[in-house]
Amino acid sequence: GENLQKTGPTAAAIKAISNELGSGLQSYKSESSPYLKISTSWDEFLKSKSNNFRYNLKRKEKALRKKGKLEERWYGSPESVKELLRHMVEIESKSWKVAAGIAISSEEEKLYYTHLLPFLARQDALFALVLLVDQQPVAYFLCYYWNGTVGNLKTTFDENFAKDASPGAVAIHFGTRRAFEFGARELDFLGDTQHHKQ
């Protein structure tokens, strides 16, 4: 299967069934989702990183704060879902994803998130952040939280703010810090390895 850990329990079960049936197994290389194991505090994690890493986090946050009053708004309840979706659609409409044809502006995509977000909220699994500058939504970090894992489903930013700031990077920074504070054991960025997930 895709993204199957060679030493994980699922792989062991598949090997056992294969042996029992006397069949062969074929493995194929697939994408590798980047993830961060969490076993320390946020402060200890930062101390383990280079001076350059820490400087870049502060620099990007400072640049975004220069644009106006920065607000970090978290969503988790079913009552908050409508506002979250409204902010997500607004941010996506001003992102690079529009030109790439992958923004959540289509009716099908909106319908998907209209069902997904309340479902996650009802399971107490919605873990979502929107950053606002002077009350204007500029980036979001949409995740689920389940069994100690924060899984990043989608991150997007308003390109108008990306010219001299990095709202997407700041959202990831704040979201990662919150995962540490939340007591998560792992932050899984899901999907393929990309620069912003590093």
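No experiment lies behind these values; they were computed from the predicted model shown.

About the criteria used
- Counting from 1, residues in each chain are numbered in the order their sequence is written.
- Given that this is a predicted model, residues contribute local features only at a pLDDT of at least 70 and side-chain atom pairs are listed and counted only at 80 or more, while totals for whole chains, interfaces and linings are drawn from all residues.
- In computing side-chain properties, one takes all heavy atoms of the structure into account and sets aside hydrogens as well as water.
- Each helix is a run of DSSP H or I of at least 4 residues and each strand a run of E of at least 2, with the numbering of both proceeding from the N terminus.
- The rule is simple: take the accessible area with a 1.4 Å probe, protein chains only, and divide by the maximum for that residue type; under 20% is buried, over 50% is exposed, in between is partly exposed.
- Contact criterion: two residues are considered in contact whenever any of their non-hydrogen atoms come within 4.5 Å of each other.
- In summary, the pairing rule links any two rings of Phe, Tyr or Trp, Trp by its six-membered ring, whose centres are within 6.5 Å, and it sorts them by plane angle into stacked for under 30 degrees, edge-to-face for over 60 and tilted for everything else.
- Only Lys NZ and Arg CZ are tested; either one counts as a charge over a ring when it is within 6 Å of the ring centre and within 35 degrees of the ring normal.
- The length a helix should cover is 1.5 Å for every residue beyond the first.
- Our arc is simply the arc of the directions from the helix axis toward the C-beta atoms.
- The term salt bridge refers to a pairing of a side-chain nitrogen on Lys or Arg with a carboxyl oxygen on Asp or Glu at a separation within 4 Å.
- Two strands pair under a simple rule: DSSP has to find at least two bridges between them.
- For helices, the fitted axis covers only the stretch in contact; all axes are lines through C-alpha atoms, and the angles between them, taken along N-to-C directions, range from 0 to 180 degrees.
- Angle categories: roughly parallel below 35 degrees, roughly antiparallel above 145, roughly perpendicular from 65 to 115, and oblique for all the rest.
- Note: crossing handedness is left-handed where the near helix turns anticlockwise from the far helix by less than a right angle, and right-handed where it turns clockwise.
- The classification used treats Ala, Val, Leu, Ile, Met, Phe, Trp, Tyr, Cys and Pro as nonpolar, Asp, Glu, Lys and Arg as charged, and all other residues, Gly among them, as polar.

**Q** I'd love a proper account of the overall build of the chain, names of residues and values included.
**A** Within the chain one finds 7 helices and 6 strands. In sequence order, the chain lays out its α and β elements as α-β-α-α-β-α-α-α-β-β-β-α-β. Within the chain, the fraction of its 198 residues that count as buried is 41%. If you take every contact in the chain between residues at least 6 apart in sequence, the share linking residues at least 24 apart comes to 68%.

**Q** So what about the packing of aromatic side chains? Which residues, and what values?
**A** This model, assessed by the stated rule, comprises 8 aromatic pairs. With a centroid separation of 4.9 Å and an interplanar angle of 85°, the aromatic rings of Tyr112 and Tyr113 are classed as edge-to-face. The class of Tyr113 is buried, set by a relative accessible area of 7%. Ring geometry for Phe127 versus Phe182: centroids 5.3 Å apart, planes at 75°, classification edge-to-face. Taken together, the positions of Phe127 in strand β3 (residues 126-133) and Phe182 in helix α7 (residues 167-182) put the pair 55 residues apart, joining distant regions of the chain. On the basis of relative accessibility, which here comes to 42%, the residue Phe182 falls in the partly exposed class. Taking NZ or CZ as reference, Lys49 lies 5.6 Å from the ring centre of Phe53, over its face. Here the guanidinium or amino end of Arg178 rests over the ring plane of Trp74, the centre of that ring lying 4.5 Å away.

**Q** If you had to explain helix α4 (residues 81-93) to someone new, which residues and values would you point to?
**A** An α-helical segment advances 3.6 residues per turn. Residues three or four places apart therefore align on the same side. Taking 1.5 Å of rise per residue, 13 residues should cover 18 Å, and α4 covers 18 Å from first to last C-alpha, within 8% of that figure. Along α4, the residues that are buried comprise Val81, Leu84, Leu85, His87, Met88, Ile91 and Glu92. Considered in projection along α4, the buried side chains sweep an arc of 165° and stay on one side of the axis. Of the surrounding secondary structure, the elements contacted by the buried residues of α4 are β2 (70-75), α5 (97-100), α6 (107-122), β3, β4 (136-146) and β5 (149-157).

**Q** Tell me about the pattern of salt bridges, and please be specific about residues and values.
**A** Applying the stated criterion across every chain, the model contains 8 salt bridges. Here Arg65 and Glu61 are joined by a salt bridge, their closest N and O atoms 2.9 Å apart. Linking Arg65 with Glu61, this pair stays in helix α3 (residues 51-65), spanning 4 residues, or about one helical turn. Owing to a relative accessible area of 18%, Glu61 belongs among the buried residues under this scheme. The partner of Glu90 in a salt bridge is Lys94, with the nearest N and O atoms 3.4 Å apart. Residue Glu90 is classed as partly exposed on the basis of its relative accessible area of 29%. In this structure Lys94 comes out as partly exposed when scored by relative accessible area, which is 28%. Each of Glu71, Arg73 and Glu83 takes part in one network of salt bridges that share partners.

**Q** Give a detailed account of the pairing of β3, specifying residues and quantitative values.
**A** Burial of β3 is extensive: 8 of the 8 residues sit out of reach of the surface. Of the strand pairs in this sheet, β2 and β3 are connected by 6 bridges, and their pairing is antiparallel. In the strand pairing of β3, Tyr75 is matched with Ala128. Linkage of β3 to β4, two consecutive antiparallel strands, is achieved through a turn of 2 residues, within which Asp134 is found at a positive phi near 50°.

**Q** Help me get a handle on the packing of α3 against α7, residues and values and all.
**A** Here α3 crosses α7 at 120°, and the two axes come no closer than 9 Å. The orientation of α3 with respect to α7, classified from their angle, is oblique. Every pair of crossing elements has a handedness; the one defined by α3 and α7 is left-handed. On α7, the residues that touch Leu57, Lys60, Glu61, Leu64 and Arg65 of α3 are Pro167, Ala169, Val170, His173 and Phe174. Considering only residue class, the contact of α3 with α7 consists of 6 nonpolar, 1 polar and 3 charged.

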